[in-house]
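# Observations on chain architecture
What follows is the residue order along each chain.
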Amino acid sequence: MTPEDKAIIAEWYRNVDGEIRIGLIRTEDDRGKQIQTFCEDLSRLAPGIRIEQEESDGEQLPEISIGQNISYQAVPSGRELAPFLDVLSDRAALAGKLPLSVREALSQVRVPAMLRVYIAPQCPFCPQAVTLLLALAAPEGLIYLTVIDGTLFSERAENDHVRSVPTVILDDQFRWTGAIQLEELVHMMLTRDPSRLGTDSLRKIIEQGDAAGLAQMMMESGKIYPAFLDLLIHEKWQIRLGAMVAFEYLAEERKEMASQVIVPLWDRFSRVDDQVKGDILYVLGESKDPSVIPKLKSVSNGPYSGEVLEAAIEALEKFS
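The paragraphs below set out a description of the structure included in this document. Remember, it's a predicted structure, so these values are computed and weren't measured experimentally. (Residues numbered from 1 in each chain as written. Predicted model: local features only at pLDDT ≥ 70, side-chain atom pairs only at ≥ 80, totals over all residues. Heavy atoms only, no water.)

## A short note on the nonpolar core
One finds Y72, F84, L88 and L136 to be the most contacted residues of the largest nonpolar core, which totals 63 residues. Among all residues touching L88, those that are not within four sequence positions of it are W12, I20, I22, L42, I49 and I66. Within the second largest apolar cluster, 46 residues are counted, among which are Y225, A246, I280 and L316. (Core = buried A, V, L, I, M, F, W, Y, C linked by side-chain atoms within 4.5 Å. Buried < 20%, exposed > 50% of the residue type's maximum accessible area, 1.4 Å probe, protein only. Contact = heavy atoms within 4.5 Å.)

Structural data, given as structure tokens:
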């Protein structure tokens, strides 16, 4: 942290009242240590900041989290420091800087929007882009923003085919490079096709405890979202459980829609571990579609573990 950054933080902290909590996912690699060092320096300069640390589960990248919907896979420094501090201290004031038309449009967003913005330390245009996006996410509603240093996390930038900064990506579907038009971005949030939402967006709905809402979204569109199938076989049990709850709602209200999962789930059956196999069998049973009976019987008579055999038998019992 430069002397200039330290002076900015000290001046900012003079106007801060109360305690501020930020999250930190720790990793042992160099960039994880850089982010951790920044947080430790920040808390020394601003003693009212409390850092809630957790170790990466092996999949998580190092990051700073602010509230439930903003994260930094970056070290906010130089011109990037001011917008970071602004969202830390007064989210309401930051959101209030948005044009009234944008704020009114944001109030109509009903589906989570996953935003990523790629920046670079020497980019002269990135701080303004980050400031605008932080203002969109500041109300802590359905907009989730991750600020990513594309030089520090080069593998993410490469995977997202980022060639210049700032680059903004919405739901893995839409992207903008350079100057950001807020009205266009929010319009896209409102008019995008929910059935094309990615796994991360649907996962956020599950993690918010709104399985019924996800089921309702699919019922309104009349089709199972492709990414929903990924949640039903997700490696994390909590995510699968939430997806199964959503499926139960859907199966109860729209039996004909529940049948849409049978073929794609059965196609995945042989490629997943026993725990996920058991959950697939549970879902097939919940579909109440007689066409799954031969499939369930083939499993119950097949060379599977006791856990899988038991799941197949229980699913068959739903048809007796």
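## Considerations on the packing of helix α9 (residues 199-207) against helix α10 (residues 211-221)
Where α9 contacts α10, the axes come no closer than 7 Å and their chain directions differ by 135 degrees. Here α10 runs oblique to α9, going by the angle between their axes. Contacts between α9 and α10 involve L202, I205 and I206 on the former and, on the latter, A211, L214 and M217. Within the contact of α9 with α10, the residues separate by chemical class into six nonpolar, no polar and no charged. (Axes fitted to C-alpha atoms, helices over the stretch in contact; angles between N-to-C directions. Helix = DSSP H or I, 4+ residues; strand = E, 2+ residues; numbered from the N terminus. Parallel < 35°, antiparallel > 145°, perpendicular 65-115°, else oblique. Nonpolar A, V, L, I, M, F, W, Y, C, P; charged D, E, K, R; others polar.)

## Description of the state of the cysteines
Here the structure, examined in full by the defined rule, presents one disulfide. A sulfur-sulfur separation of 2.5 Å characterises the disulfide bridge that pairs C123 with C126. Taking the sign of the S-S torsion, 95 degrees for the link of C123 and C126, the bridge is right-handed. Taken as a pair, C123 and C126 share a single burial class, namely buried. (Disulfide = S-S within 2.5 Å.)

## Some details on the side chain of R268
Locating R268 in the fold gives a position in helix α14 (residues 262-269). At 4.1 Å, D230 is the nearest oppositely charged side chain to R268, a buried residue that forms no salt bridge. Among the polar contacts made by the side chain of R268, one reaches the main-chain carbonyl oxygen of P264 at a distance of 2.9 Å. Leave out the neighbours within four places in its chain, and R268 touches L229, D230 and I233. (Lys, Arg positive; Asp, Glu negative; His and termini not counted. Salt bridge = Lys/Arg side-chain N within 4 Å of Asp/Glu carboxyl O. Polar contact = N/O pair within 3.5 Å; in protein donor to acceptor, adjacent residues only side chain to side chain.)

## Considerations on the pattern of salt bridges
Pairing between side chains becomes possible if they bear opposite charge and their charged atoms approach one another. Under the counting rule described, the total for this entry stands at 17 salt bridges. Across the salt bridge formed by R44 and D41, the nearest N and O atoms sit 2.2 Å from each other. Taken together, the residues R44 and D41, both in helix α2 (residues 30-45) and three residues apart, mark about one turn of the helix. According to the relative accessible area criterion, R44 is exposed, its value standing at 57%.

## A look at the side chain of E286
Relative to the assigned elements, E286 resides in helix α15 (residues 274-287). In this view, E286 contacts F247, E248, A251 and K318; residues no more than four positions away in its chain are not counted.

## Comments concerning the environment of E314
As for its placement among the helices and strands, E314 is situated in helix α17 (residues 306-317). Residue E314 is classed as partly exposed on the basis of its relative accessible area, which comes to 43%. Sequence separation of E314 and Y282 is 32 residues, and the distance between their C-alpha atoms is 7.8 Å.

## Points about the sheet that holds strand β5 (residues 113-119)
Read across the open sheet, the eight strands follow the order β2-β1-β3-β4-β6-β5-β7-β8; overall the sheet is mixed. Each edge of the open sheet is held by one strand with a lone partner, namely β2 (49-55) and β8 (174-177). Going from strand to strand, the sheet's axes swing by 20 degrees on average, the running direction of each strand aside. Relative to β2, strand β1 (residues 20-26) runs parallel, the two sharing seven bridges. (Pairing = 2+ DSSP bridges.)

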